[in-house]
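Single-letter residue listing:
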Amino acid sequence: MPTILITGATSGLGRHVAFDLVRAGHLVLAHGRDPDRTERLVAELRTEGRAEGFVADLARLGQVRELGAKVADAHPGLGVLVNNAGVGSGSPGSGREVSGDGHELRLAVNYLAPVALTRALLPVLRANPPARIVNVGSAGQEPVDFDDPEFTRGYAGFAAYCRAKFALAAHTFALAEELAGTGVAVNVLHPATFMDTAMVREGGVAPWSTPADGAPGVLALATRDMGTGRYFDGTRPARAHEETYDGEVQKRLATLTDRLLAP
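Presented here is a report on the structure given in the accompanying data block.

Regarding the nonpolar core
Most often, soluble globular proteins keep nonpolar side chains buried together rather than apart. Ranked by size, the top nonpolar core spans 42 residues in total, and within it Leu5, Val71, Leu78, Tyr111, Leu121, Leu125 and Ile133 carry the most contacts. Breaking this core down by element, the ones donating at least two residues are helix 3 (61-74), strand 4 (78-83), helix 4 (105-126), strand 5 (131-136), helix 5 (157-178), strand 6 (184-190) and helix 8 (247-261). Residues contacting Leu78, with those up to four places away along its chain left out, are Thr3, Ile4, Leu5, Leu29, Val71, Leu121, Val124, Leu125 and Asn128. Membership of the second largest hydrophobic core comes to 28 residues, among which are Ala9, Ala30, Val42 and Val80.

Shown next, in the form of structure tokens:
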């Protein structure tokens, strides 16, 4: 069974998926931002199976790259990366926030961090086919404004969240083409709508579903051959925002991403 890294595993969907995978016999590498919470999670997971903890603040790209290096060094047999961690739209009326590197926070955590972590781990994943990358996206998608990618004008938290998830989907499809024939599949999904998580509650939204509702889609993509370069609504194949499939949009996004991720 492949070793699986899950980001954002200390709560919500990530926590639920981590327990399901441990119980199924996988070695789960559980990432969290808070050392104490991560340690407690790993202790709980180890009552069910095999788990190790890794701590990093995904709002700091240096820590993201360090996380990738540590995982690659400790687990050269890594077979699955689940980019689950994220930040929501923020509390109602909250203003624009920035990451430790000065990037708009939703763009940094929901898009730049998973791209940077994926890049750091690609050599390991390519060495362990069939490998899988699962990007936890959202049905909420809004095209990136390439004239203002950091959302410095007319900021709105929910729109920032949707722009980051649009970027993640477009990146997924471009990366799948790049990795064609390598044995590494990469897909993106909307797990469930407004799950009962801290992120949703902070946004002032009454939950519509639970992490248990969102888990099957993530589990399917992490453990089964579901193709590559696809978007799923739960376990069902679906269509992302049409512009995410546009080759020109993908090229502009790649150029922007390389610039923002430059040391």
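Focus: the side chain of Ser99
Its place among the elements puts Ser99 in the loop between strand 4 and helix 4. Accessibility expressed as a relative area gives 8% for Ser99, which makes it buried. Contact partners of Ser99, with chain neighbours within four places excluded, come to Ala59, Leu105 and Ala108.

Regarding unusual backbone geometry
Residues other than glycine predominantly adopt negative phi, and peptide bonds predominantly adopt the trans conformation. Omega for the bond connecting Pro129 with Pro130 falls within 30 degrees of zero, at -5°, which places this linkage in the cis form. Within the secondary structure layout, Pro130 lies in the loop between helix 4 and strand 5.

Basis of the calculations
- Residues numbered from 1 in each chain as written.
- Predicted model: local features only at pLDDT ≥ 70, side-chain atom pairs only at ≥ 80, totals over all residues.
- Heavy atoms only, no water.
- Core = buried A, V, L, I, M, F, W, Y, C linked by side-chain atoms within 4.5 Å.
- Buried < 20%, exposed > 50% of the residue type's maximum accessible area, 1.4 Å probe, protein only.
- Helix = DSSP H or I, 4+ residues; strand = E, 2+ residues; numbered from the N terminus.
- Contact = heavy atoms within 4.5 Å.

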